[in-house]
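# An overview of the molecular structure
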Amino acid sequence: MNAPDLSTELGSDDPERRRQAVRSLLALQEEGLADMIMGALGDSSWRVRKEAVAVAVELAESAALIGPLVQAISQGENVGLRNAALDVLEQLGPTAGRELLNALPTVPEHARKFVVEALGEAGGGQVVAELSRVSACGEPNLAAEAIEALARIGGADAELAIRARLSDDDPFLRMAALEGLNRLAARVPWEELKDLLDDRLVRRVAL
């Protein structure tokens, strides 16, 4: 099918016809491909969105989708689109890292945690350095997301950044740091753990 035919199918009232049309986008090499994929990622049917995620992962670079995907996780009007775009970015991993890093300082405050979450699958020295900085910011929810992302990446620098949060004033972040280190099976010196045993909120995890 050509672009006009696929566009018609994507507007069908039948979710199965829309899903099949999304799959057919893999063979389309025409202008408007990115818009059709992004539209499908925001479809009302989860089956259509799931198909669109698979197509978007395959065509992300050739269809120049990474920028629109970052924009999609920055909006809050269509939660299905945001979640589907986040799924794609996480599967793209390092391929999306640079654009995610560039977007982090400029996206709306409510969207920063989604960018941080996606960065947890990107990895690399620059990503670890930025996530380490975010883990020390004054926003507990965002900092905790950064700690979790660092734990997914792993490595000596990520572990060091997480260990630094064991002495944070916020017990929520101390707990996040302990759980991150536990996930990494890290060896933590007694000196960094002993004071946590007096904290009822984190004692169990510290032990």
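Residues numbered from 1 in each chain as written. Predicted model: local features only at pLDDT ≥ 70, side-chain atom pairs only at ≥ 80, totals over all residues. Heavy atoms only, no water.

This part takes up the overall build of the protein. A count of helices and strands for the protein gives 14 helices and 0 strands. Tracing the protein from N to C terminus, the helices and strands come up as α-α-α-α-α-α-α-α-α-α-α-α-α-α. C-alpha atoms of the protein, sized along the principal axes, occupy 65 × 30 × 30 Å. Taking all 207 residues of the protein together, the buried fraction comes to 50%. (Helix = DSSP H or I, 4+ residues; strand = E, 2+ residues; numbered from the N terminus. Buried < 20%, exposed > 50% of the residue type's maximum accessible area, 1.4 Å probe, protein only.)

Residue position: Asp43 is located in the loop between helix H3 (33-41) and helix H4 (46-59). The class of Asp43 is buried, set by a relative accessible area of 11%. A distance of 2.8 Å separates the side chain of Asp43 from the side chain of Arg18, its partner in a polar contact. (Polar contact = N/O pair within 3.5 Å; in protein donor to acceptor, adjacent residues only side chain to side chain.)

Looking at the secondary structure, you find Ser45 in the loop between H3 and H4. A relative accessible area of 11% places Ser45 in the buried class. Here Ser45 is in contact with Pro15 and Arg18, once residues within four sequence places are set aside. (Contact = heavy atoms within 4.5 Å.)

Moving on to the pattern of salt bridges. With the rule as written, the count across this model stands at 12 salt bridges. As a salt-bridge pair, Arg23 and Glu51 come within 3.4 Å of each other at their nearest N and O atoms. With Arg23 in helix H2 (residues 15-24) and Glu51 in helix H4, this residue pair connects regions lying 28 residues apart in the sequence. For Arg23, a relative accessible area of 39% gives the class partly exposed. When the shortest N-O distance is used, the salt bridge between Glu192 and Arg163 registers 2.5 Å. Of this pair, Glu192 sits in helix H13 (residues 190-193) while Arg163 sits in helix H11 (residues 156-164); the two residues are 29 residues apart in sequence, bridging distant segments of the chain. Glu192 gets classed as partly exposed once you look at its relative accessible area, which sits at 26%. (Salt bridge = Lys/Arg side-chain N within 4 Å of Asp/Glu carboxyl O.)

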